[in-house]
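Here is what each chain is made of, one letter per residue.
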Amino acid sequence: MLVPFTGLLRGLPALAILTTSVPAWLALLITCPLAAMIIGIFRRPPPARAEIFLLMPAFSQKHWLAELLRNIDRSLDRRFDLVVKIPDSDYAGTAQIRRLRQTLTRDKGYIAGFVVAAEPDATREDLVTLCAKAPYPIIFVDVQPFAHDADYPTNTAFVGCSDELIGEKAGRYTARIIERSPAAHPTVLVIATNTHRGRQRRFVDVLTGTCPQATVIVDEDGLFARDRARDIVRRRLAELARQNRPVDVIFCTSDEMALGALDALYAPDAGDQARGVRVIGVDGTREALALINSGGSPLCATIVQDPARVAERAVDLMERKLRGDDTPKRNHLPVELYALD
């Protein structure tokens, strides 16, 4: 049992009296262990904080994911230590499943985890199996891995924005652009990925339902990468130029890919195909918002997902699950269209 610090202070005068009335060797024998105990109390390291892991789908040049990471760390409010795990390959579902399996099977003392899923269509069964065996809550963030509440293991939930709502807002804004365009048969190019398919699917449904005269070309090889989007747009522009078909709008399902589209439009070989093209992105990253605000860029709009709100909701949901509270399985946050017109 430890003596309270105030009690130790009260005992010091008596100790001084004692040391003056006994031989020096005996005083040292009495006081040294007590001094060592006092020093040990104040040098004792603070208790280790609980750790939570965040499994990313990609890392380099992913600005919205970087903002999400920053905000999750901030929302944990220094009460927990965050351990970030990065896959071997960007957006590779098999690599992420391998990393998740290692994380869940090695006893590292985690009390919860966040997962931004990569290729959930291909890894869904593995996600269910692994997360169902996890001894702590797993919160999926940004990418919704399951379409129905019943598909979620009891210790899991999702926090993020609805891909369908994102696609709908982008589709309606594109329809407004086309309705003001003199083109009789406008062409819309969609640069997307196989992770957020709800975005491009809903976009196409809304746009073709509103503007049946429009031709929509969807390319899902963008992989949220700026350079890949640039190469896709350059190739598609060249193909359509040979058919004498100008492109009116390019919708990219992330701002990173929208910046790649701009790179292609600014390339010297873009020629007349780049003239008058409007570009729409998704995420609301700082660079995208700055370009839109400049008013001189083909990037005219983005669908904003607020990473701070997503992070706050994810951490809150994790804490509620740790307390054993009932929580909804799918938690969708609002998105906003950001455009100057």
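The notes below deal with the structure included here. (Residues numbered from 1 in each chain as written. Predicted model: local features only at pLDDT ≥ 70, side-chain atom pairs only at ≥ 80, totals over all residues. Heavy atoms only, no water.)

**Details of unusual backbone geometry**
Move 1: Residue Asp142 is not a glycine yet carries a positive backbone phi of 75°.
Move 2: Relative to the helices and strands, Asp142 is located in the loop between β4 (138-141) and β5 (156-161).
Move 3: Look at Asp142 and you get buried, because its relative accessible area is 8%.
Move 4: You will see that Leu223, though not glycine, has its phi angle at about 55°, which is positive.
Move 5: By the secondary structure assignment, Leu223 is in the loop between β7 (215-219) and α8 (226-242). (Helix = DSSP H or I, 4+ residues; strand = E, 2+ residues; numbered from the N terminus. Buried < 20%, exposed > 50% of the residue type's maximum accessible area, 1.4 Å probe, protein only.)

**Thoughts on the environment of Gln61**
Move 1: With respect to the helices and strands, the residue Gln61 is situated in the loop between β1 (51-55) and α3 (63-75).
Move 2: With a relative accessible area of 56%, Gln61 lands in the exposed category.
Move 3: Taking the C-alpha atoms as reference points, Gln61 and Arg226, separated by 165 residues in sequence, lie 8.3 Å from one another.

**Thoughts on the pairing of β5**
Here is the key point about a regular strand: its side chains alternate between the two faces of the sheet.
Move 1: Of all 6 residues making up β5, 6 are buried, and the element is well covered by its neighbours.
Move 2: Side-chain alternation along β5 places Thr156, Phe158 and Gly160 on one buried face and Ala157, Val159 and Cys161 on a second face that is also buried.
Move 3: The pairing of β5 with strand β11 (residues 330-333) spans 4 bridges and is classified as parallel. In the strand pairing of β11, Gly160 is matched with His332. (Pairing = 2+ DSSP bridges.)

**Looking at the sheet that holds strand β2 (residues 81-85)**
Move 1: The 6 strands lie next to each other as β2-β1-β3-β4-β5-β11, forming an open sheet whose pairing is parallel. Pairing within the sheet leaves two strands with one partner each, and these edge strands are β2 and β11. Taking the axes of each pair of neighbouring strands and ignoring which way they run, one obtains an average angle of 20° across the sheet.
Move 2: Taken strand by strand, helix α11 (residues 307-323) contacts β1, β3 (110-115), β4, β5 and β11, and its axis lies near 165° from that of β5. (Axes fitted to C-alpha atoms, helices over the stretch in contact; angles between N-to-C directions. Contact = heavy atoms within 4.5 Å.)

**Focus on the sheet that holds strand β9 (residues 278-283)**
Move 1: Across the sheet, which stays open at both edges, the 6 strands sit in the order β7-β6-β8-β9-β10-β12 with mixed pairing between neighbours. Two strands in the sheet have a free side with no partner beyond their single neighbour: β7 and β12 (336-339). In this sheet, adjacent strand axes meet at a mean angle of 20° when their direction is disregarded.
Move 2: Judged from the 5 bridges that link them, β9 and strand β10 (residues 299-304) form a sheet pairing that is parallel. Along β10, the bridge assignment pairs Val282 with Ile303.
Move 3: Packed on one face of the sheet, helix α6 (residues 163-179) meets β6 (187-191), β8 (249-252), β9, β10 and β12 and runs near 165° to β9.

**Concerning α3**
Residues three or four positions apart in an α-helix share a direction because the helix packs 3.6 residues into each turn.
Move 1: For α3, spanning 13 residues, the distance from its first C-alpha to its last is 18 Å, which sits close to the expected 18 Å at 1.5 Å a residue.
Move 2: Taken residue by residue, α3 has Trp64, Leu65, Glu67, Leu68, Leu69, Asn71, Ile72 and Ser75 as its buried positions.
Move 3: Among the residues trailing α3, Asp77 stands out with phi positive, at a value near 60°. (Expected span 1.5 Å × (residues − 1).)

**Description of the side chain of Thr123**
Move 1: With respect to the element layout, Thr123 can be found in helix α5 (residues 120-133).
Move 2: Sequence-distant contacts of Thr123, that is, excluding residues within four places in its chain, are made with Gly93, Thr94, Ile97 and Ala118.

**A short note on helix α7 (residues 197-210)**
Move 1: Between its first and last C-alpha atoms α7 spans 20 Å; for 14 residues at 1.5 Å apiece the expected length is 20 Å, and the two agree.
Move 2: For α7, the full list of buried residues reads Gly198, Arg199, Gln200, Phe203, Val206 and Leu207.
Move 3: Against the buried residues of α7 lie α6, β6, β7, β8 and β9.

**Concerning the side chain of Thr156**
Move 1: On the secondary structure map, Thr156 appears in strand β5.
Move 2: Its relative accessible area of 0% is what places Thr156 among the buried residues.
Move 3: Thr156 has contacts with Cys131, Ile138, Phe140, Lys321 and Lys329, leaving out every residue within four places of it along the chain.

**A word on the pattern of salt bridges**
Move 1: Enumeration according to the criterion identifies 24 salt bridges in this entry.
Move 2: Close ionic contact of Asp121 with Arg197 constitutes a salt bridge, the shortest N to O distance being 3.1 Å. Here Asp121 is found in helix α5, whereas its partner Arg197 is found in helix α7, with 76 residues between them in sequence.
Move 3: In this structure Arg197 comes out as partly exposed when scored by relative accessible area, which is 24%.
Move 4: For Arg236, the salt bridge identified is with Glu239, shortest N-O distance 3.8 Å. With a gap of 3 residues between them, Arg236 and Glu239 both fall in helix α8, about one helical turn apart.
Move 5: Looking at Glu239, the relative accessible area reads 26%, which means it is partly exposed. (Salt bridge = Lys/Arg side-chain N within 4 Å of Asp/Glu carboxyl O.)

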